Amino acid sequence: MSVATLSVMDEEFRSLVDRLASEAADSPEYARLVAAEDPEELARVLVEPHRPLWAREIAAFRLGCAGDRRAFEALVLLLNHRDPERCVSAAHALARLDDPRTPRAAAALATNTLRTAYALHPVRLLTDLRAPESVPALVATLQRLLAPGEPHWRVALACVEGLGCLADAQARPVLTAALPHPRLGTAAAEALRRLPGECGSGRT
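What you see is a predicted model, and the numbers here were worked out from it, not measured in a lab.

Asker: How would you explain the packing of helix α6 (residues 72–79) against helix α8 (residues 102–110) if you had to name every residue and give the values?
Answerer: Between α6 and α8, whose axes approach to 11 Å, the crossing angle comes to 25°. By the angle class used here, α6 and α8 are roughly parallel. For the pair α6 and α8, the sense of crossing is right-handed. The residues of α8 that touch α6, namely those facing F72, V76 and L79, are T102, A105 and L109. By residue class, the composition of the contact of α6 with α8 is five nonpolar, one polar and no charged.

If you want it as structure tokens, here you go:
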């Protein structure tokens, strides 16, 4: 997909430009970047100093969805942003970028104990990527989040659901350990049913 055709083909891009319109405050640069057809113009936004975050996000998203790997570093930073909507857009673009570095980066973000509050979208991206790094990272993250008093249960739930989707037998011990958890038990039981050797498959 070229940057020229992205705007009419990608619903997530339309959502992004609607979200960033108010942040850009009617800047002429906003309209120019939304309509830009030259990838070099977008790539310059990522390296020039003093560019606003919304401009870098538009450029990185458009380049990433078009398969231009110059967007990789910017998208990884956005994937771990405190704003969940920026994380969603970055994950969408990274899934389409097809950069071999993406699974390692997502796994590093998901397993970073200092950034657990922002790990939801890296976890979901790992599930979508179905890379060799996905199951080990989700297992390690979920194991840590099963500790008593751990507040990040939404991240843990995403790990459980992701491991169910990936249906890898390596996940059986940690999913079994999640069964008694009041917020995770139902999803963990469903995920276990998806693993090889278990009866039943698919969501109910």
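And the narrative resumes.
Asker: Tell me about the pattern of salt bridges, residues and numbers included.
Answerer: Across all of its chains, the model carries 13 salt bridges by this definition. For the salt bridge of R101 with E73, the shortest nitrogen-to-oxygen distance reads 3.3 Å. Of this pair, R101 sits in the loop between α7 (84–97) and α8 while E73 sits in helix α6, placing them 28 residues apart in sequence. Overall, R101 belongs to the partly exposed group, its relative accessible area being 29%. Accessibility expressed as a relative area gives 44% for E73, which makes it partly exposed. Here E190 and R193 are joined by a salt bridge, their closest N and O atoms 2.7 Å apart.

Parameters at a glance
- Residues numbered from 1 in each chain as written.
- Predicted model: local features only at pLDDT ≥ 70, side-chain atom pairs only at ≥ 80, totals over all residues.
- Heavy atoms only, no water.
- Axes fitted to C-alpha atoms, helices over the stretch in contact; angles between N-to-C directions.
- Helix = DSSP H or I, 4+ residues; strand = E, 2+ residues; numbered from the N terminus.
- Parallel < 35°, antiparallel > 145°, perpendicular 65-115°, else oblique.
- Left-handed = near helix turned anticlockwise from the far one by under 90°.
- Contact = heavy atoms within 4.5 Å.
- Nonpolar A, V, L, I, M, F, W, Y, C, P; charged D, E, K, R; others polar.
- Salt bridge = Lys/Arg side-chain N within 4 Å of Asp/Glu carboxyl O.
- Buried < 20%, exposed > 50% of the residue type's maximum accessible area, 1.4 Å probe, protein only.

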